[in-house]
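# Close look at the chain arrangement
Each chain, letter by letter, is given below.
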Amino acid sequence: ATFMEKTLRFPRSVSTMTSVFIMLIILAGIIYFFTNQLSDFSKDLPHLREQLTTVFNNAQHWVSKTFNVKVDEQVDYINQALNKLLSSSGAILGFTFGIFSTGFGFIIFFTLFFIFILNYRRLLNNFIITVFKERHKSRVQDAVNEIRIMTKKYIFGLCLQVIIVSILTSIVLTVLGVKYAILLAVLTGLLNVIPYLGIFTSLLISCFIAFATGSPSTCIYVAIGYIGIHAIDGNIVL
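The structure reproduced in this document is the subject of the present report.

Calculation rules
Numbering of residues starts from 1 in every chain and runs along the sequence as written. pLDDT decides what is reported in this predicted model: residues at 70 or higher carry local features, side-chain atom pairs at 80 or more are listed and counted, and totals for whole chains, interfaces and linings draw on all residues regardless. Side-chain numbers come from the whole structure's heavy atoms, not from hydrogens or water. Elements are defined by DSSP. Helices are runs of H or I of four residues or more, strands are runs of E of two residues or more, and each kind is numbered from the N terminus. Throughout, exposure labels follow a simple rule: accessible area from a 1.4 Å probe, protein chains only, divided by the maximum for the residue type, with under 20% read as buried, over 50% as exposed, and the rest as partly exposed. Contacts were defined at the residue level, with two residues in contact if any of their heavy atoms lie within 4.5 Å. Shrake-Rupley sampling with a 1.4 Å probe provides the accessible areas, and residues are treated as covered by the protein chains on show and by no other component. Definition used for salt bridges: Asp or Glu carboxyl oxygen within 4 Å of a side-chain nitrogen of Lys or Arg. What counts as an axis is a line fitted to C-alpha atoms, over the stretch in contact for a helix, and the angles between N-to-C directions run from 0 to 180 degrees. Handedness of each helix crossing follows the sense of rotation of the near helix against the far helix: counterclockwise by less than a right angle gives left-handed, clockwise gives right-handed. Three classes are used: nonpolar for Ala, Val, Leu, Ile, Met, Phe, Trp, Tyr, Cys and Pro, charged for Asp, Glu, Lys and Arg, and polar for all others, with Gly counted as polar. Ring geometry is summarised as follows: Phe, Tyr and Trp rings, the Trp one being its six-membered ring, pair when their centres sit within 6.5 Å, and such pairs are stacked at plane angles under 30 degrees, edge-to-face over 60 and tilted between the two.

The secondary structure content of the protein amounts to 10 helices and zero strands. Helices and strands in the protein line up, N terminus first, as α-α-α-α-α-α-α-α-α-α. Counting all 238 residues of the protein, 24% fall into the buried class. For the protein, the proportion of contacts with a sequence separation of at least 24, taken over those separated by at least 6, is 58%. A total accessible area of about 16600 Å² is found for the protein, and carbon and sulfur atoms account for 73% of it.

Applying the stated criterion across every chain yields a total of three salt bridges. Put simply, arginine 121 and glutamate 5 hold a salt bridge, and the shortest N to O gap is 2.9 Å. In this pair, arginine 121 sits in helix H6 (residues 121–131) while glutamate 5 sits in helix H1 (residues 2–6), placing the two residues 116 residues apart along the sequence. Taking the relative accessible area as the measure of exposure, glutamate 5 reaches 15% and is therefore buried. With a shortest N-O distance of 2.9 Å, lysine 137 and glutamate 134 are connected by a salt bridge. Residues participating in the shared-partner salt-bridge network are Glu5, Arg12 and Arg121.

In contact at an axis separation of 8 Å, helix H7 (residues 137–176) and helix H8 (residues 181–191) are set at 145° when each is read in the N-to-C sense. Considering how the two elements wind past one another, H7 and H8 form a crossing that is right-handed. Within the contact between the two elements, H7 uses Val162, Val165, Ser166, Thr169, Ser170, Leu173 and Thr174 and H8 uses Ala181, Ile182, Leu184, Ala185, Val186, Thr188, Gly189 and Leu190. Each residue belonging to the contact of H7 with H8 can be placed in one class, and the counts come to nine nonpolar, six polar and no charged.

Time to look at the packing of aromatic side chains. The tally for this structure, following the rule as stated, stands at four aromatic pairs. Note on phenylalanine 109 and phenylalanine 113: the rings are 6.2 Å apart at their centroids and 25° apart in plane angle, and the pair reads as stacked. Within this pair, phenylalanine 109 and its partner phenylalanine 113 are both found in helix H5 (residues 89–119), separated by four residues, close to a single helical turn. Ring centres 5.5 Å apart and planes at 65° place the aromatic pair phenylalanine 110 and phenylalanine 114 in the edge-to-face group. Note that phenylalanine 110 and phenylalanine 114 are positioned in helix H5 at a spacing of four residues, about one turn of the helix. Take phenylalanine 110: its relative accessible area is 17%, and that puts it in the buried class. Three or more aromatic residues joined by ring pairs form one cluster here, namely Phe109, Phe110, Phe113 and Phe114.

This is how it looks when you write it as structure tokens:
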């Protein structure tokens, strides 16, 4: 917005709406990318079902030999667990709907928030300055300018980190032959913004897709690759 106002001579309101519009286009592009990739992933669901059936049968035989639990008893345990899960399906659906509605409301909220902050940022700056006494105004203005610069550097560094992690993940998954490597790489880069929990969540998702579209042994290599990426990100990139 500042670039448009100073360089392109846009009015404050035009620069604000243009900046927010560009942000929404980028967000819509990311959503479209994930939606398109997930629709392709749905084609691999039959293979995933076969993989799960094979692993489930092997696990049944292993449990039967190790713990002397018959296959029929295992099926009864599973059916009981499924019945408990289905009995709480209403709560699960309500929770899922709540997540989507909250996310949609959050998008509307931060869009309006950005519009007002960008459009009235000079007024906000003047308000902060006038809160303090006259003799402190110069120091307060310097502090506000430093905060603005640090915020810009932080956002730029965060975007750079997302790009680096996405590239590293894409390389690792492509070498391992995991399908949807770009999708998983972008998802990993975005989730990595959340410390520790983000990389762990993306690891589980990547291992699941690697298991669904490849072999179970690939999951181990994917996990090792993610540990290496996390080490590079935590000790070199940051």
